[in-house]
Structures are given as structure tokens and as C-alpha cells.
Amino acid sequence: MSDLRVTREGAFTFLEWSGGRVRCAVGRGGIAHKKTEGDGITPIGTWPLRHVLYRPDHVPPPTTGLPVAAIASDDGWCDAPSDRAYNCPVTLPYPASAEAMTRADRLYDIVVVLGHNDAPVIPDAGSAIFLHVMRDDEGPTQGCVAFRRDDLLASLPWEDHNPLMLDVMMYAKVAPRGDVVVRKESVGAFRVSTSSWS
């Protein structure tokens, strides 16, 4: 594995490694140990890439080594911690709280489902942690990792044995001009393989 450096420029986060530099957005609560549903945290950990979902009315099937499935108009994802389908796909309408996968803002045109809190599912430990398309204003997510549409599409030749690793780089923060500043706080760091993101 090679380290991927996280840098900050204003409100934006960049992932940098020997093969490139890609802008991304993480949760409004930062990268940390996730505590509860809806806390806005992008969870620290090593998460397998389960499969790719896509909107067939907006994009063609992505080219990837992961399993691929089209998003149907009645697809949803349950985010009700007390429900037996919590953090699982459901069919809408659903009696408990569930997010529609056919979002009008097109953030879910392409979704990579991460294996976070799914083996087993723990109530209130977080749901619907995805990689998906970034908002137009490139602002923070509700806990997912978001990328520009073209960057996400270009990066999808992942395999299911390449996990996404979110961890903490202690005591260092890279300033906008690339200088390293020692701090008493943690910032997020990713790692990637030499051939693809992981």
C-alpha cells in the first residue's frame, strides 16, 4: 500500500498519491469513530467495497471489477435504527424511515456501497455509507465520501478485494501550500494500492 496524503485548501479536501490528485468531500462531522446514526461522521476503519449501483436513466453501466446493479425507481435504503432492515436496501414505500436511492440531485447516479456496519448490522451504528457523486457546491456529505462524477467514473476499475481504508494520521496537518504543521489534533488519511484506490 502507498500513503495517500490528505490536504486542505479552504473548505475542500484533496486526496493525493503518487498516481494523482482528486478532490473529494467527507462528512460534515469529519473523519472519526462513528457514534450514532445521523452524526455526519465519515467512519474510520477498513471497509470492503461491496458493489456498485447506478441510475440507468442518467449514466451507462460503469466499468468496474465490482458487481454492478441498476437502481430501480422504488429502491430505498433503511436508516431507521430500530427497524429490522436497518442499513439494508428496501423497496419504497417502506413503513420505517428510508432514503430514496433515486435522488433528484443526482448524487446517487453512481454509488459504491461500502461494507460498513453490515456484518453484522448494529442498530444506530450508521447506515448508507457510500462513495457517491459530489454536490455541485462540493460541500460536505452526511458521512459518505463524495467525488466529482468524472473522477468517480474514471476510478471505478476497483476489485472487491481492494478495501477502502479510512484511518487517522496523528499530529500532522498539511497546510494549503504543502507545508507540514505539527498540531495536537488528528486529521483523516486514506491509503491506496499502487494500481487502484483501496
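Scroll up a little and you will see the structure.
Residues numbered from 1 in each chain as written. Predicted model: local features only at pLDDT ≥ 70, side-chain atom pairs only at ≥ 80, totals over all residues. Heavy atoms only, no water.

Colleague: I'm lost on the packing of aromatic side chains in this one. Help?
Modeller: Two aromatic rings, taken as a pair, are described by how far apart their centres are and by the angle between their planes. Going through the model one piece at a time under the given rule, you end up with 2 aromatic pairs. Aromatic pair Trp77 and Phe130: ring centres 5.1 Å apart, planes at 90°, arrangement edge-to-face. Of this pair, Trp77 sits in strand 9 (residues 75-78) while Phe130 sits in strand 13 (residues 130-133), and the two are 53 residues apart along the sequence. Classification of Trp77 as buried rests on a relative accessible area of 6%. Geometry around Tyr108 places Arg103 over its ring, the cationic atom sitting 4.9 Å from the centre. (Phe/Tyr/Trp six-rings, centres within 6.5 Å; stacked < 30°, edge-to-face > 60°. Helix = DSSP H or I, 4+ residues; strand = E, 2+ residues; numbered from the N terminus. Buried < 20%, exposed > 50% of the residue type's maximum accessible area, 1.4 Å probe, protein only. Lys NZ or Arg CZ within 6 Å of the ring centre and 35° of its normal.)

Colleague: Got a minute to help me understand the sheet that holds strand 10 (residues 89-91) in this structure?
Modeller: In a beta sheet, neighbouring strands are held together by backbone hydrogen bonds and run either parallel or antiparallel to one another. Taking strand neighbours across the sheet as the criterion, the 3 strands line up as 10-9-11 in an open arrangement whose pairing is antiparallel. Each edge of the open sheet is held by one strand with a lone partner, namely strand 10 and strand 11 (98-100). Geometrically, the sheet is characterised by an average inter-axis angle of 45° between neighbouring strands, direction not taken into account. As defined by bridge partners, strand 9 adjoins strand 11 across 3 bridges and the pair is classed as antiparallel. In the strand pairing of strand 11, Trp77 is matched with Glu99. (Pairing = 2+ DSSP bridges. Axes fitted to C-alpha atoms, helices over the stretch in contact; angles between N-to-C directions.)

Colleague: Is there a simple way to think about the pairing of strand 13 in this case?
Modeller: It is a general feature of regular strands that their side chains alternate between the two faces of the sheet. In this structure, strand 12 (residues 110-114) lies alongside strand 13, joined through 3 bridges in antiparallel fashion. Residue pairing for strand 13: Val112 is matched across the bridge by Leu131. Pairing of strand 13 with strand 14 (residues 145-147), which is carried by 3 bridges, proceeds in the parallel orientation. Its bridge partner being in strand 14, Val133 is matched across the sheet by Phe147.

Colleague: How should the pattern of salt bridges be read in this particular structure?
Modeller: Pairing between side chains of opposite charge can happen when the charged atoms of each approach one another. The final tally for this structure, using the stated rule, is 10 salt bridges. The residue Arg106 makes a salt bridge to Asp109 at a minimum N-O spacing of 2.7 Å. Overall, Arg106 belongs to the partly exposed group, its relative accessible area being 31%. With a closest N to O distance of 2.6 Å, Asp137 and Arg135 form a salt bridge. (Salt bridge = Lys/Arg side-chain N within 4 Å of Asp/Glu carboxyl O.)

Colleague: I tried to follow unusual backbone geometry on my own but got confused; where do I start?
Modeller: Negative phi values dominate among residues other than glycine, just as trans dominates among peptide bonds. The linkage connecting Leu92 with the following residue, Pro93, adopts the cis geometry, with an omega of -5°. In the Ramachandran plot, Asn87 falls in the positive-phi region, its phi being about 60° despite a non-glycine side chain. You can see Asn87 is positioned in the loop between strand 9 and strand 10. Under the relative-accessibility criterion, Asn87 is labelled buried at 7%. A positive phi angle is found at Arg106, which is not glycine, with a value near 70°.

Colleague: Just to check I follow, could you spell out the environment of Pro95 for this structure?
Modeller: Position of Pro95 among the secondary structure elements: in the loop between strand 10 and strand 11. Each C-alpha atom, one on Pro95 and one on Asp83, is 9.4 Å from the other, the two residues being 12 residues apart in sequence.

Colleague: Even after reading the chapter, I still don't get the nonpolar core, so can you show me in this structure?
Modeller: Across soluble globular proteins, nonpolar side chains have a tendency to be buried as a group. Val52, Ile110, Val112, Leu114, Leu131, Val145 and Phe147 are the most contacted members of the largest nonpolar core, which has 21 residues in total. At the level of elements, strand 3 (20-25), strand 7 (49-54), strand 12, strand 13 and strand 14 are the ones that each hand at least two residues to this core. Those residues in contact with Val52 that sit more than four places away from it in its chain are Pro62, Thr64, Leu66, Pro67, Val68, Ala69, Ile110, Val111, Val112 and Leu156. One finds Leu53, Ile71, Val111 and Ala128 within the second-largest nonpolar core, a separate group that totals 11 residues. (Core = buried A, V, L, I, M, F, W, Y, C linked by side-chain atoms within 4.5 Å. Contact = heavy atoms within 4.5 Å.)

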